[in-house]
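Residue-level listing of the chains:
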Amino acid sequence: MSETQNNYHNLNIQPLKLKIGPYEVKSLSTASFGLDGGAMFGTVPKVLWSKTNTSDKNNKILLDCRCLLLISKDKKILIDTGLGADFEKKYGEKLGENFYTHYNIKKGEDSGIIKALKKINIKSSEITDVVLTHLHFDHAGGATTVKNGKSVPTFENATYYIQEKNLETATHPNLREKASYYECNFKPLIEAGCLKVLKGPAELFPMVKVHITNGHTLGQQTIWIDDCKTSLLYCADLIPTATHVRLPWVMGYDLEPLKLISEKEVELKRALDKESYLFFEHDPYCSMAQVMHSKNRKDYRLKALFNLSS
Ligand SMILES: [Zn+2]
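Residues numbered from 1 in each chain as written. Predicted model: local features only at pLDDT ≥ 70, side-chain atom pairs only at ≥ 80, totals over all residues. Heavy atoms only, no water.

Moving on to the coordination of the zinc ion. Protein coordination of the zinc ion is provided by Asp 138 (OD), His 139 (NE2), Asp 237 (OD), Asp 237 (OD) and His 282 (NE2), with donor distances spanning 2.0 to 2.8 Å. Every donor residue of the zinc ion comes from the same chain, spaced as D-H-x97-D-x44-H. Linking His 139 in helix α7 (residues 137-140) with His 282 in the loop between β15 (277-279) and β16 (288-293), this pair joins segments that are 143 residues apart in sequence. We note that His 139, like His 282, is buried. (Donors = N, O, S within 2.8 Å, 3.2 Å for Na, K, Ca; no water. Helix = DSSP H or I, 4+ residues; strand = E, 2+ residues; numbered from the N terminus. Buried < 20%, exposed > 50% of the residue type's maximum accessible area, 1.4 Å probe, protein only.)

Here you go:
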């Protein structure tokens, strides 16, 4: 990417390969898109956030939609599915067109997850499990695909996982989140009988646990992969980019910012104690970081940045 990459937060980004327990852990970058910088950083002034995340003429900043793939002998587990593809087919002509312009998505670059898997020679039929952190379109858009004019599960042999609370809120969205939840991204999973609805924290697979946070949206799951030596937290929208590691730096999109801050504090404390890798779904430049305390020890700062291999 640009020069910024090497100077991002004044830290070098180190390439990294990772194995945790039985899993090869792979990062899959599925699409670049753009959102309003102000909305991404809430009350943080632009003079501060623009130091690391420069904006275009429409004040949009560059973001990634980065998924995680865990490969063991008998499983291929995907975490989140990106934006999806063929927006006109999926959302209808008008709304679909708007997707490209509103979110700075280049046509032809929207079929992220399938393309990203293809690059490492994996077919959609090989995916055994799909953990959806929440059902906002930038996380669950790739969960379904339009075939013969109908949205169907993208991963035909997979079991999908979602929290009950999030499914409820997606089915009856409040006014603020209405533009983020679309039935076509999750209803086909229910109809196909492949959506497993979870009620709270759980160990889904050996060494893979889901935690629940409610500050961004109700029933978001963050995922810990931990073999007691090495651990990784898939932060989802609890900490969308490396710049959001500071406790008060939360998104304007978050439903309950104060709740989100305390949930973030719990996970950052754990990540610091265990020297875990934080995996960022939306950071445009780096996929992972480790953290340290700020000088007064009341907040957190970036200690090292990484790019996890695919
Ligand atoms: Zn998101």
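Here the narrative resumes.
The subject of this paragraph is the side chain of Arg 66. Along the chain, Arg 66 falls in strand β4 (residues 60-71). A relative accessible area of 4% places Arg 66 in the buried class. Separated by 2.7 Å, the side chain of Arg 66 and the backbone oxygen of Asp 283 make a polar contact. Not counting residues up to four positions away in its chain, the partners in contact with Arg 66 are Ser 27, Leu 28, Ser 29, Tyr 234, Phe 279, Phe 280, Glu 281, Asp 283, Pro 284, Tyr 285, Cys 286 and Ser 287. (Polar contact = N/O pair within 3.5 Å; in protein donor to acceptor, adjacent residues only side chain to side chain. Contact = heavy atoms within 4.5 Å.)

In this section: the pairing of strand β12 (residues 208-213). Across three bridges, strand β11 (residues 202-205) lies against β12 in antiparallel orientation. For Phe 205, the partnering residue across the bridge sits in β12 and is Val 208. Counting the residues between successive antiparallel strands, the hairpin from β11 to β12 contains two residues, one of them, Met 207, with a positive phi of roughly 70°. Relative to strand β13 (residues 220-226), β12 is paired through six bridges, and the arrangement is antiparallel. Across the sheet, residue Val 210 finds its bridge partner in β13, namely Ile 223. Hairpin connection of β12 to β13: six residues between the antiparallel strands, including Gly 219 at a positive phi of 70°. (Pairing = 2+ DSSP bridges.)

Further remarks concern the sheet that holds strand β14 (residues 231-234). Spatial ordering of the open sheet is given by β1-β17-β16-β15-β14-β13-β12-β11, a layout of eight strands whose pairing is mixed. Unpaired on one side and paired on the other, β1 (13-16) and β11 mark the two borders of the sheet. Taking the axes of each pair of neighbouring strands and ignoring which way they run, one obtains an average angle of 30° across the sheet. Two strands pair when backbone bridges link them, and β15 and β16 are joined in this way by two bridges, in the antiparallel orientation. Residue Leu 278 lies in a different strand from β16, and its bridge partner there is Ala 289. Seen against the sheet, helix α10 (residues 257-274) touches β12, β13, β14, β15, β16 and β17 (300-308) and runs at an angle of roughly 5° to β13. (Axes fitted to C-alpha atoms, helices over the stretch in contact; angles between N-to-C directions.)

Our focus in this paragraph is the pattern of salt bridges. Applying the stated rule across the entire model yields 14 salt bridges. Two residues, Glu 24 and Lys 26, come together in a salt bridge whose shortest N-O distance is 3.5 Å. For Lys 26, a relative accessible area of 16% corresponds to the buried category. The closest approach of N and O atoms between Lys 89 and Asp 86, which form a salt bridge, is 3.9 Å. (Salt bridge = Lys/Arg side-chain N within 4 Å of Asp/Glu carboxyl O.)

We now examine the packing of aromatic side chains. If you walk through the whole model with that rule in mind, you get 16 aromatic pairs. Considering the side-chain rings of Tyr 103 and Phe 137, the 5.0 Å spacing of their centres and the 40° angle between planes classify their relative orientation as tilted. Note that Tyr 103 is positioned in the loop between α5 (93-102) and α6 (112-119) and Phe 137 in helix α7, a separation of 34 residues in sequence. Look at Phe 137 and you get buried, because its relative accessible area is 5%. (Phe/Tyr/Trp six-rings, centres within 6.5 Å; stacked < 30°, edge-to-face > 60°.)

Here we take up the sheet that holds strand β3 (residues 23-36). Pairing in this open sheet of seven strands is mixed, and the strands run β2-β3-β4-β5-β6-β9-β10 from one edge to the other. Looking at the sheet topology across the chains shown, the edges are occupied by β2 (18-20) and β10 (195-198). Going from strand to strand, the sheet's axes swing by 30° on average, the running direction of each strand aside. Across three bridges, strand β5 (residues 76-79) lies against strand β6 (residues 129-131) in parallel orientation. Within the sheet, the bridge partner assigned to Ile 79 lies in β6 and is Val 131. On top of the sheet, α6 reaches β3, β4 and β5; it is set at about 145° to β3, its chief contact.

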